[in-house]
Amino acid sequence: MIGRVEMPAILEVQRLEKRFGGVVALAGVDLTVNEGEILGIIGPNGSGKTTLFNVITGVHRPTSGHVSWLGEDITAKAPHVVAKKGIGRTFQQAMAFSALSIAENVRIACQHSRKREDGANGGLTTPTEILDFVELSHLAGEGAANLGFGNLRKLGLAIALGSQPRLLLADEPAAGLNDRETADLATLIRAISARHITVAVIDHDMKLMMTLCERLIVLDFGYKIKEGPPEEVRNDPKVLEVYLGGDVELTGN
């Protein structure tokens, strides 16, 4: 982005490795997330993308390597500890308490939130403000079990925002969405970024990722094979080889 001021790294991952028995899910991955950016993480199924998020957020303990948040080592900290420090996330499977209303789901997230130490909360501190922001306020009393898939994805983001994150990790937020819903999602993620929340996104929708993200990291079989701006990544021979034969078009057009 022309004229963009380089921001400091808030999350650093160093030589991160995760093995499940004889299967190597992450093979010495290094990456940084810079404050204020929208970072994209792409790669074929089984490349280690979700495992990366799970290790960062404490769902899985790494086999080796380190995760640093604002200069503090948070490697293998419990998920609730990581969340309290300012890292929120969504999941591949849209998750909510199905027996509760939309408002109740977000209220629970807000009740367990932290106060952002940097003083930036973007005005999203109450369930009402968050539901207005994600355009679900008209369904606040509706049971989460009754939501369509697009609105369930919005609810997942609303719950994550309820924790007052400084960094939001979004795992395949466009999965199952149609073109209109995906376009609305991109608008919402940009609006989240504008609220002083750094975003890292995993998704298989290459059009979304190429147009939404300022920087892309490509994983393949647990290895980081490329990092750079979208226009550089989509023309890289190794990246094209990874996707060769699939139905993914590496373009933002």
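Residues numbered from 1 in each chain as written. Predicted model: local features only at pLDDT ≥ 70, side-chain atom pairs only at ≥ 80, totals over all residues. Heavy atoms only, no water.

## Some remarks on the pairing of strand 4 (residues 64-69)
With five bridges joining them, strand 1 (residues 9-20) and strand 4 adopt antiparallel strand pairing. From the neighbouring strand, Glu12 faces strand 4, where its bridge partner is Ser68. When strand 4 meets strand 5 (residues 72-73), the two strands line up antiparallel, connected through two bridges. Paired with Ser68 across the bridge in strand 5 is Asp73. Linking strand 4 to strand 5, which pair antiparallel, is a turn of two residues; within it Leu70 sits at a positive phi near 55 degrees. (Pairing = 2+ DSSP bridges. Helix = DSSP H or I, 4+ residues; strand = E, 2+ residues; numbered from the N terminus.)

## Regarding the nonpolar core
Counting 44 residues, the largest nonpolar core has Ile42, Leu155, Leu161 and Ile192 as its most contacted members. Counting residues per element, this core draws most heavily on helix 5 (residues 149-162), which supplies six residues. Once you skip the residues sitting within four places of it in the chain, Leu161 turns out to touch Leu124, Ile130, Phe133, Val134, Ile192 and Ile197. Among the nonpolar cores identified, the runner-up in size contains 25 residues, and Leu52, Val55, Val82 and Leu167 belong to it. (Core = buried A, V, L, I, M, F, W, Y, C linked by side-chain atoms within 4.5 Å. Buried < 20%, exposed > 50% of the residue type's maximum accessible area, 1.4 Å probe, protein only. Contact = heavy atoms within 4.5 Å.)

## With respect to the side chain of Ser68
In this structure, Ser68 sits in strand 4. Given the relative accessible area of 16%, Ser68 is considered buried. Dropping the residues within four chain positions of it, Ser68 is found in contact with Ile10, Leu11, Glu12 and Asp73.

## What about the pattern of salt bridges?
On inspection of all chains with the given rule, the structure shows twelve salt bridges. A network of salt bridges, in which partner residues are shared, links Glu37, Arg215, Lys224 and Glu227. (Salt bridge = Lys/Arg side-chain N within 4 Å of Asp/Glu carboxyl O.)

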